[in-house]
Amino acid sequence: QVQLVESGGGLAQPGGSLRLSCAASGFTFSSYAMSWARQAPGKGLEWVTGIYSDGSDTYYADSVKGRFTISRDNAKNTLYLQMNSLKPEDTARYYCAKGRSVVPGPRSDEYDYWGQGTQVTVSS
């Protein structure tokens, strides 16, 4: 069965960095786009960034552009999110998601499996 397991969350200071990982199993990782989304307390799910199945292109929400970098290692079946220059408004639970095709998109219905998430808190 498909499994997505996020790790790497925690507490960071404003301006700091964190690197999230998502270990994937149960499907051919290199055949599907992947994305990260987040949900802050009391708010809806926000798509953050996505990457093509082969890693050839990436997309970012305006709120994280220039600060976050998505990447993947298809040999290790792992998705990453490097988060730099963190802000308090980045505080949220972060989820990785498996796309339904090779191209990532911003809508939730473009993804069929989600991990349990990892909490990121940005505070001084």
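Thresholds applied
- Residues numbered from 1 in each chain as written.
- Predicted model: local features only at pLDDT ≥ 70, side-chain atom pairs only at ≥ 80, totals over all residues.
- Heavy atoms only, no water.
- Helix = DSSP H or I, 4+ residues; strand = E, 2+ residues; numbered from the N terminus.
- Buried < 20%, exposed > 50% of the residue type's maximum accessible area, 1.4 Å probe, protein only.
- Contact = heavy atoms within 4.5 Å.
- Phe/Tyr/Trp six-rings, centres within 6.5 Å; stacked < 30°, edge-to-face > 60°.
- Lys NZ or Arg CZ within 6 Å of the ring centre and 35° of its normal.
- Salt bridge = Lys/Arg side-chain N within 4 Å of Asp/Glu carboxyl O.
- Polar contact = N/O pair within 3.5 Å; in protein donor to acceptor, adjacent residues only side chain to side chain.
- Pairing = 2+ DSSP bridges.

Student: Help me understand the overall build of the chain, please; the structure alone is not making it clear to me.
Tutor: Within the chain, the secondary structure is distributed over zero helices and 11 strands. Summarising its shape, the C-alpha atoms of the chain cover approximately 40 × 25 × 25 Å along the three principal directions. Every one of the 124 residues in the chain was classed for burial, and the buried ones make up 44%. Sequence-distant contacts in the chain: of pairs separated by 6 or more residues, those separated by 24 or more amount to 57%.

Student: I would appreciate a short explanation of the packing of aromatic side chains in the present structure.
Tutor: For any two aromatic rings, the description comes down to two numbers: the centre-to-centre distance and the angle of the planes. Evaluated as defined, the whole model comprises four aromatic pairs. Measuring from ring centre to ring centre gives 6.2 Å for F27 and F29, while their planes differ by 55°; the resulting arrangement is tilted. Measuring from ring centre to ring centre gives 5.9 Å for Y111 and W114, while their planes differ by 65°; the resulting arrangement is edge-to-face. A residue is classified by how much of its surface remains accessible, and Y111, at 4% relative accessible area, is buried. The ring of F27 carries the charged tip of K98 above its face, separated from the ring centre by 5.5 Å.

Student: What's the story with the pattern of salt bridges in this structure? I'm lost.
Tutor: Pairing between side chains becomes possible if they bear opposite charge and their charged atoms approach one another. Within this structure, the stated rule accounts for six salt bridges. We note a salt bridge from R38 to E46, for which the minimum N-O separation is 2.7 Å. Exposure remark for E46: the relative accessible area of 29% places this residue in the partly exposed category. Across the salt bridge formed by D62 and K65, the nearest N and O atoms sit 3.1 Å from each other. The pair formed by D62 and K65 is uniform in burial state, with each residue classed as exposed. Each of the salt bridges in this network shares a partner with another, and the network as a whole consists of R38, E46, R67 and D90.

Student: Got a minute to help me understand the side chain of T78 in this structure?
Tutor: With respect to the element layout, T78 can be found in strand β8 (residues 78-83). Under the relative-accessibility criterion, T78 is labelled buried at 12%. Here K76 takes part through its backbone oxygen, which lies 2.8 Å from a polar atom of the side chain of T78. Discounting residues that sit within four places of it in the chain, T78 has contacts with S21, C22, A23, F29, R72 and D73.

Student: Mind showing me how you'd approach the pairing of strand β9 (residues 92-99) here?
Tutor: The two faces of a sheet get side chains in turn, since along a regular strand they alternate between them. With seven of its eight residues buried, β9 lies for the most part within the structure. Alignment of strand β4 (residues 34-39) against β9, held across six bridges, turns out to be antiparallel. Bridge pairing links Q39 to R93 in β9. Summarising the sheet, β9 and strand β11 (residues 118-122) pair through three bridges and their orientation is antiparallel. The residue bridging Y94 from the neighbouring strand is T118, located in β11. Across three bridges, β9 lies against strand β10 (residues 111-114) in antiparallel orientation. Bridge assignment links G99 to a residue of β10, and that residue is Y111.

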